[in-house]
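Chain by chain, the residues run as shown.
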Amino acid sequence: MLASSIVNYGIPAAIVLVLIFGVVAYRIRRRGVAAGAAVAESDAPSRLASSKVPESSAPHAAHSDTSAGAVAEFGTLERAKSDESASGDEAEAEATIDDALKGEEEVATVRERTGRTRSLFSNAFASIRGKGRIDDSTWDELEETLLRADIGIGLTTKLLDPLRTAAKAGDIKNADDAIAALRSGMTQQLSSNNRSLRMDADVKPNVWLFVGVNGVGKTTTIGKIATAEVGHGTSVLLAAGDTFRAAAAEQLQVWAERSGAAFVRGSEGGDPASVIFDGIQSAHARNIELVLGDTAGRLQNKSNLMEELKKVRRVAEKAEGTVNEVLLVIDATTGQNGLSQAREFAAATDVTGVVLTKLDGSAKGGIVFAIETELGIPVKLVGLGEGARDLVAFNPEEYVAALFE
């Protein structure tokens, strides 16, 4: 009886189980092969031929697994990538960038987004107006406010000393007079600089290099500018010259995909100068108007970083086209530390302008005045939020008005 049951039921059941396991194993093997092929296809770079590669690009070739000077090049990318095949860093970057591009209808304004800095000033103004007279405590309170806003002791003294003198002479009679005079003085400190982003219509490509320490929003700034420029009809190429920060190239690639810009990258840990050079050469060959070059951003007090940035600038100038902007990206929340960064980077790379990010979340917006007064470098763009259209041209009159109204 038992033997008959085994024959009638056990053997067929065993056969079914074997067949099931066989099908499962086959499907697993097929998925592994397909995934391997997809990785191989995505990793295979197209080659860029450079007619003149300077000697300084040799370290990039030495770090590359491919032939000398070869970089991966992507045009307007339309490839679909599943959540399973995307890396964690790239998936996170895609989500962040998608959020930035979503629901953008109106350009951000300084008045709307600088609430903390405006609150600092408005509280001080309310206090001195409440006293009903001008005395030493008035100047002490204004001085404390300017210093808390990170305007710096030198410029604070420069702004308040004439007001004290005018008050003694009877030209400033009350708090409103003092506030109006301070507003005029602060506006004059910012009004004379040229804040336009330079483009030479007779030369292709124009090159804008972006420098700054890690974490200030350099790569995101490049992506936002690319989105804006492509939207204005400018052809753009993004060059991922930050080869040392993990996922920097992936993040920039996602911005290229979303904005419709071309994209060039090098091997991880490769020579940044070589990547920038190859990006410029590629843009020239394809008649692209503007190259936005990312650079490494290790600590500003590291001499090797400064030497590396000098090299990037020298090599970029040997390529076709013209380097007409070197934009220093500074996090407004760092305050006076941002001023020290500006000094270091300006000395190394001939900075032409500053992009001040995270101004919406800072009560230290006075760093604008410190940078322009002490270093003579114009603030050209300010970041007022996470959205792609929250990076706006800096208007000094609008900015000062927002602080005082």
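Anyway, here's the lowdown on the structure attached to this text. (Residues numbered from 1 in each chain as written. Predicted model: local features only at pLDDT ≥ 70, side-chain atom pairs only at ≥ 80, totals over all residues. Heavy atoms only, no water.)

### A look at unusual backbone geometry
Residues apart from glycine generally show negative phi values, whereas peptide bonds are mostly found in trans. Backbone torsion omega between Lys204 and Pro205 reads 0°, so that peptide bond is classified as cis. Position of Pro205 among the secondary structure elements: in the loop between α8 (175-190) and β2 (206-211). We note that Asn287 has phi near 60°; this positive angle belongs to a residue other than glycine. Mapped onto the fold, Asn287 is located in the loop between α11 (272-285) and β5 (290-294). Residue class for Asn287 comes out partly exposed when judged on its relative accessible area of 47%. Positive phi, normally seen in glycine, also occurs at Asp350, with a value near 55°. Within the secondary structure layout, Asp350 lies in the loop between α13 (336-349) and β7 (353-357). (Helix = DSSP H or I, 4+ residues; strand = E, 2+ residues; numbered from the N terminus. Buried < 20%, exposed > 50% of the residue type's maximum accessible area, 1.4 Å probe, protein only.)

### Structural notes on the packing of aromatic side chains
Under the criterion given, the structure shown has five aromatic pairs. A centroid spacing of 5.0 Å and a plane angle of 35° characterise the contact between Phe125 and Phe404, whose relative ring orientation is tilted. Residue Phe125 is found in helix α5 (residues 115-131), and its partner Phe404 is found in helix α15 (residues 396-404); the two are separated by 279 residues along the sequence. Of the two residues, Phe125 and Phe404, neither departs from the other in class, the shared state being buried. (Phe/Tyr/Trp six-rings, centres within 6.5 Å; stacked < 30°, edge-to-face > 60°.)

### Let's talk about the pattern of salt bridges
Across all of its chains, the model carries 15 salt bridges by this definition. Note that Glu372 is salt-bridged to Arg195, the shortest N-O span being 2.5 Å. Here Glu372, found in helix α14 (residues 367-375), pairs with Arg195, found in the loop between α8 and β2; they are 177 residues apart in sequence, far enough to count as distant. Two residues, Arg198 and Glu325, come together in a salt bridge whose shortest N-O distance is 3.5 Å. Linking Arg198 in the loop between α8 and β2 with Glu325 in strand β6 (residues 322-331), this pair joins segments that are 127 residues apart in sequence. Salt bridges sharing partners connect three or more residues here, namely Arg198, Glu325 and Lys380. (Salt bridge = Lys/Arg side-chain N within 4 Å of Asp/Glu carboxyl O.)

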